[in-house]
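The primary structure of each chain is shown beneath.
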Amino acid sequence: GDNESANTAKPQKHKQRSRVPSNQRPAKRLKHQNDIAEIEALQLCSPPSQHRNDATGLRVPPPVIRLLRSGVKGRWCGKTVHWVMNNEFGDWQGLPQAEREERLEKLIAGGLIRINGVSISK
């Protein structure tokens, strides 16, 4: 009867996905290209002999300023930069308050903290 026809129904064929492998997706390729460009710009791919201190034999590369960007989160609206840095960024939370304030002042004075591309001032 009806049970037999239900059990012998043809299995449905699943559509074959034509998804590109994750490492071939445009966003991943762009990120990879940007990572390589950053490594080259920061000269992090130089041979070990470069920047070697002849007296100590230690490799001492020059300091690097790295640009980090973040979109604004809704909860940050109406908050000060000091509040955001002290409450939202984990690297800062482990530092004593005085050191956090000193670092933030240096970043602001150097024009290194920007909002919408404009350096902030105190």
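Now for a quick tour of the structure.

How each quantity is defined
- Starting from 1, residues in each chain are numbered consecutively following that chain's sequence as written.
- pLDDT decides what is reported in this predicted model: residues at 70 or higher carry local features, side-chain atom pairs at 80 or more are listed and counted, and totals for whole chains, interfaces and linings draw on all residues regardless.
- Only hydrogens and water are removed before side-chain values are computed, so all heavy atoms of the structure are retained for them.
- Residues grouped as a nonpolar core are buried Ala, Val, Leu, Ile, Met, Phe, Trp, Tyr and Cys residues, joined through side-chain atoms within 4.5 Å.
- Relative accessible area decides the class of each residue, using a 1.4 Å probe on protein chains only: under 20% of the type maximum gives buried, over 50% gives exposed, and in between gives partly exposed.
- Whether two residues are in contact is decided by their heavy atoms, any of which lying within 4.5 Å being enough.
- Here a cavity denotes grid points, spaced 1 Å and computed from the protein atoms alone, that fit a 1.4 Å probe unable to get out, and a pocket denotes an open set having protein on both sides within 12 Å along at least 5 of 7 lines; residues with an atom within 4 Å of a point are the lining.
- Grid points are joined across faces, edges and corners, and a volume is the space filled by probe spheres set on the points.
- Each helix is a run of DSSP H or I of at least 4 residues and each strand a run of E of at least 2, with the numbering of both proceeding from the N terminus.
- The classification used treats Ala, Val, Leu, Ile, Met, Phe, Trp, Tyr, Cys and Pro as nonpolar, Asp, Glu, Lys and Arg as charged, and all other residues, Gly among them, as polar.
- For this document, the term salt bridge refers to a Lys or Arg side-chain nitrogen within 4 Å of an Asp or Glu carboxyl oxygen.

### Quick look at the nonpolar core
Formed by Met 85, Trp 92, Leu 104, Ile 108, Ile 113 and Ile 120, the largest nonpolar core amounts to six residues. Excluding residues within four positions of it along the chain, Trp 92 makes contact with Met 85, Arg 100, Arg 103, Leu 104 and Leu 107.

### Looking at the layout of surface pockets
The calculated volume of the largest pocket comes to roughly 1,300 Å³. If you go around the largest pocket, you meet 29 residues; those closest to its centre are Leu 68, Met 85, Leu 112, Ile 113 and Arg 114. For the lining of the largest pocket, the secondary structure elements donating two or more residues are helix H3 (81-88), helix H4 (90-93), helix H5 (97-109) and strand E1 (114-115). Of the residues contributing to the lining of the largest pocket, the split by class is 17 nonpolar, six polar and six charged. In this structure, the second largest pocket spans a volume of roughly 180 Å³. Along the walls of the second largest pocket sit Glu 38, Leu 42, Ile 65, Arg 66, Leu 67, Leu 68 and Arg 69, which together make up its complete lining. The residue inventory of the lining of the second largest pocket, partitioned by class, reads four nonpolar, no polar and three charged.

### With respect to the side chain of Asn 86
Structurally, Asn 86 can be placed in helix H3. If we skip the residues at most four places from it in the chain, Asn 86 touches Gln 93, Gln 97, Arg 100 and Glu 101.

### Quick word on the pattern of salt bridges
By the definition in use, this model includes four salt bridges. Measuring nitrogen to oxygen at the nearest pair gives 3.0 Å for the salt bridge that ties Glu 88 to Arg 75. Linking Glu 88 in helix H3 with Arg 75 in the loop between helix H2 (26-41) and H3, this pair joins segments that are 13 residues apart in sequence. Judged by its relative accessible area of 48%, Arg 75 is partly exposed. Between Lys 106 and Glu 102 there is a salt bridge, with its nearest N and O atoms 3.5 Å apart. Of the two residues, Lys 106 and Glu 102 are both situated in helix H5; the distance of four residues between them amounts to about one turn of the helix.

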